[in-house]
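Each chain, letter by letter, is given below.
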Amino acid sequence: MAIVLESKNLAKTYGNLHAIRSVDLKFKDNIIYGLLGPNGAGKTTLMEMLSGGLFPSDGMIKVQAEVLKKGDTPKGMCYVREKNIHFPRLKVSEVLRVAASFYENWDWAFTKEMLQLFDVNPNKKVSQLSRGVQSLVGNIIGLASRAPITLFDEPVLGLDVIMREQFYSVLLTDYANHPRTIILSTHLLDEISKIAEEIYILNEGSILLNESMEDIRSKAHIVSGKHDALKDFLSNKNVLKVEDYGNMEVASVFDEISETEKRASQKLDISITGMSLQKLFTDLVGGARNQ
Ligand SMILES: Nc1ncnc2c1ncn2[C@@H]1O[C@H](COP(=O)(O)OP(=O)(O)OP(=O)(O)O)[C@@H](O)[C@H]1O
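Residues numbered from 1 in each chain as written. Predicted model: local features only at pLDDT ≥ 70, side-chain atom pairs only at ≥ 80, totals over all residues. Heavy atoms only, no water.

### Focus on the sheet that holds strand E10 (residues 206–212)
Working step 1: Taken together, 6 strands build an open sheet; the order of strands is E6-E7-E8-E3-E9-E10 and the sheet is mixed. The open sheet has two edge strands, strand E6 (77–80) and E10, and neither has a second partner. Here the average twist between neighbouring strands, direction ignored, is 15 degrees.
Working step 2: Where E6 meets strand E7 (residues 149–153), 4 bridges bridge the pair, whose relative direction is parallel. Across the sheet, Val80 pairs through a bridge with Phe152, a residue of E7.
Working step 3: Along the sheet, helix H1 (residues 43–50) contacts strand E3 (32–36), E6, E7, strand E8 (181–185) and strand E9 (198–203); its crossing angle with E7, the most-contacted strand, is approximately 150 degrees. (Pairing = 2+ DSSP bridges. Helix = DSSP H or I, 4+ residues; strand = E, 2+ residues; numbered from the N terminus. Axes fitted to C-alpha atoms, helices over the stretch in contact; angles between N-to-C directions. Contact = heavy atoms within 4.5 Å.)

### Observations concerning the sheet that holds strand E1 (residues 3–14)
Working step 1: Read from one edge of the open sheet, 4 strands run E2-E1-E4-E5, paired in antiparallel fashion. For this open sheet the edge positions go to strand E2 (17–28) and strand E5 (66–67), each flanked by a neighbour on one side alone.
Working step 2: Sheet topology note: the strand E4 (residues 58–63)/E5 ladder contains 2 bridges and is antiparallel. Residue pairing in the sheet places Lys62 in a bridge with Val67 of E5.
Working step 3: The strands touched by H1 within the sheet are E1, E2 and E4, with E2 carrying the most contacts at an inclination of about 60 degrees.

### As for the pairing of E1
Working step 1: Pairing of E1 with E2 involves 8 bridges; the strand directions are antiparallel. Across the sheet, the residue bridging to Lys12 is Ile20, located in E2.
Working step 2: Here 5 bridges tie E1 to E4, and the two strands are oriented antiparallel to one another. Directly across from Lys8, in E4, lies its bridge partner Met60.

### Concerning the layout of surface pockets
Working step 1: Approximately 800 Å³ is the volume found for the largest pocket.
Working step 2: Of all the elements in the fold, those that place two or more residues in the lining of the largest pocket are E6, helix H2 (92–100) and helix H4 (131–144).
Working step 3: Tallied by class, residues from the lining of the largest pocket come to 18 nonpolar, 11 polar and 3 charged.
Working step 4: The calculated volume of the second largest pocket comes to roughly 180 Å³.
Working step 5: Lining the second largest pocket, in full, are Val63, Gln64, Glu66, Val67, Leu68, Lys69, Asp72, Thr73, Pro74 and Lys75.
Working step 6: For the lining of the second largest pocket, a count of residues per class yields 4 nonpolar, 2 polar and 4 charged. (1 Å grid on protein atoms, 1.4 Å probe; cavity = no way out; pocket = protein on both sides within 12 Å on 5 of 7 lines; lining within 4 Å. Points joined across faces, edges and corners; volume = space filled by probe spheres on them. Nonpolar A, V, L, I, M, F, W, Y, C, P; charged D, E, K, R; others polar.)

Printed below as a string of structure tokens:
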């Protein structure tokens, strides 16, 4: 798979604050990525730099194998900002017309379909829209652009669960028909775990984890059992967190557990279940904070 967007030693400081610290990223074509991180982790700063809106303090960005220079707008990229109210006095239809002029693959039929489906009135001024409908206008632009690289910063902010499900469904159908690289930042981890194929977790400006969802599913485990049995069983494993419940312990483990080990665990009365992305995220970020 070709790498369409990458960074090396990417850094951004705001005065004394290191918002992004020496980050290496590789985004391949035709993959949906989830960019996750707690508040203030640096997700927006990272997306702003990748899309040419903010110049790095250090490091390098390549878009479609070309180094991104100061002032460049990367070709074939659509970045849907979290706050995307650039033209509050324009009508939605006018904003869409401006956006369409930037993207060579823009699909008007699909735009009209989405306006109907999401019940967005094209004659309303952007300033009159609720937060959720503003997100929807940004999402319509991101999807209708059919840009080879599309970045969405918090695309479901302000949307209720039905609208969120509808957005994910449209995104997945359109992605299946028009594969491209899509990067979504979000706080809704259980939802993104069903959408994204690969995950980056950012914390305090550094990458804590980069894995495919497939590897996450096979490595993320909750292991529980009696203290002594668990101690031996987990001696060579990557344990993120252990919680004590009397003579029982519950451990969050991010590691492969072989079939042989699973069989052995039964004899030791150890139970092994899958761990959600939400729990993995909490334990990884919590662990990093305690270091
Ligand atoms: N223009 C700025 N000037 C100074 N500090 C900034 C600026 N923009 C962001 N920061 C700081 O940089 C850090 C990263 O912010 P950023 O908005 O990139 O994080 P985030 O992961 O997108 O957060 P959230 O999930 O809350 O939106 C934060 O500590 C933030 O306060």
